[in-house]
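One letter stands for each residue in the lines below.
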Amino acid sequence: MHRYTKLLILIFALATVPFVAQGQRHYEGPGNWFVGIDAGVSLALNENVTGDNFLRARLPAGSITLGRTMTPYFGMRLSAGFHPQFGYPHKKAIDYDPERFSPYQFFAGSGSLDLMLNLSNLCRHYDVRNWFDAYFIAGGGMLYSFGMDEKVVDWPEYIYPVNNEEKWYWNAKVGLMGAWHINRGCDFTAELDCFFTDNAYNGVVDSSAQPFDLFTTFRVGIVYYFNNSMHRHRYANRSRTTHGYWSAFK
């Protein structure tokens, strides 16, 4: 068996342990719907990015989310994001005419369906009073590239061609999110995502490079959990007696 296949099987097995052991679960549902909004920066990792311009970003990047917790171990969400971007011409073009061939700006809008795996609850006993959760995020969908800087239209094709056409591309992402529980129904979040998309999303097709480009985003925001059918914002601890923690919020 191929070693990567074995690795995928191991990851799947570890991720599904909590779901197999449902008879020993220590929480009471059902889950909750939630909404979120965040803002931050989007950093390019496409062609010609160097250490000198990696941290160059336009503000703000951001996203809105709508999702549902299925169990304390995983949830799903729909995410729509806005990502201001920079593209960079090749060094040969800059040396040819540094004033003409300078970084250009454009925008990317993304939409994806995300799986949220709660890493913290996989490694500890679930308790609604836990104040922090760490999530692994994986998702995919579509990305729309638009608003390309008009100056690229005048760049000669034989030096550095950039296509300013607005187009849809595929989109995939992985990331990590930390959620600090402000109160019973609200979290403060910080999320770092890496987006993978078509090589041409920034207007440049480099056949000598990998068939995809990537960029990263870092955002902070707020997530609000709606009451579920049991009038709770989160899963309850399973107990035959009412804990004092619950009575404090009646």
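That block above? That's the structure.
Predicted model only: the values in this text are computed from it and were never measured.

Judged from the 12 bridges that link them, strand E7 (residues 167-183) and strand E8 (residues 186-198) form a sheet pairing that is antiparallel. For glycine 178, the partnering residue across the bridge sits in E8 and is alanine 190. In textbook terms, the turn of a hairpin is the stretch between consecutive antiparallel strands, and for E7 and E8 this stretch comprises two residues. Looking at chain direction, E8 and strand E9 (residues 212-225) are connected through 13 bridges and run antiparallel. What sits directly across from alanine 190, in E9, is valine 220.

Together, Trp33, Val35, Leu66, Met70, Met76, Leu78, Leu113, Leu115, Tyr224 and Phe226 line one region of the surface with nonpolar side chains, adding up to about 880 Å² of accessible area. When contributions to the nonpolar patch are tallied by element, the ones reaching two or more residues are strand E2 (33-44), strand E4 (74-87) and strand E5 (104-118). Note on placement: tyrosine 224 falls in strand E9. Residue class for tyrosine 224 comes out partly exposed when judged on its relative accessible area of 36%.

Another aspect to go through is the packing of aromatic side chains. Taken as a whole, this structure holds 21 aromatic pairs when the rule is applied. Judged by centre distance (5.5 Å) and plane angle (20°), the ring pair of phenylalanine 82 and phenylalanine 107 falls under stacked. Taken together, the residues span a long stretch of sequence, with phenylalanine 82 in strand E4 and phenylalanine 107 in strand E5 at a distance of 25 residues. Taking 4.8 Å as the distance between ring centres and 5° as the angle between the ring planes, the aromatic pair formed by phenylalanine 195 and phenylalanine 215 counts as stacked. Here phenylalanine 215 lies in strand E9 and phenylalanine 195 lies in strand E8, a separation of 20 residues in the sequence. The pair formed by phenylalanine 195 and phenylalanine 215 is uniform in burial state, with each residue classed as buried. Grouping aromatic residues by their ring pairs yields a cluster made of Phe101, Tyr104, Phe106, Trp155, Tyr160, Phe195, Tyr201 and Phe215. Taking the ring centre of tyrosine 225 as reference, the NZ or CZ of arginine 234 above it sits at 4.8 Å.

Okay, the environment of aspartate 154 next. Relative to the helices and strands, aspartate 154 resides in the loop between strand E6 (132-146) and E7. Here aspartate 154 falls in the exposed class, since its relative accessible area comes to 53%. Counting along the chain gives 54 residues from aspartate 154 to arginine 100, while the straight-line C-alpha distance between them is 9.2 Å.

The biggest cluster of nonpolar side chains holds 17 residues, and the ones touching the most others in it are Tyr104, Trp155, Tyr160 and Val162. A per-element tally of this core places E5 first, with three residues. Listed in part, the eight residues of the second largest apolar core include Met116, Met177, Ala179 and Val223.

Cut-offs and rules
Residues numbered from 1 in each chain as written. Predicted model: local features only at pLDDT ≥ 70, side-chain atom pairs only at ≥ 80, totals over all residues. Heavy atoms only, no water. Pairing = 2+ DSSP bridges. Helix = DSSP H or I, 4+ residues; strand = E, 2+ residues; numbered from the N terminus. Patch = residues over 30% accessible without salt bridge, like charges linked within 9 Å, V, L, I, M, F, W, Y side chains within 5 Å. Areas by Shrake-Rupley, 256 points an atom, 1.4 Å probe, with all protein chains shown as cover. Salt bridge = Lys/Arg side-chain N within 4 Å of Asp/Glu carboxyl O. Buried < 20%, exposed > 50% of the residue type's maximum accessible area, 1.4 Å probe, protein only. Phe/Tyr/Trp six-rings, centres within 6.5 Å; stacked < 30°, edge-to-face > 60°. Lys NZ or Arg CZ within 6 Å of the ring centre and 35° of its normal. Core = buried A, V, L, I, M, F, W, Y, C linked by side-chain atoms within 4.5 Å.

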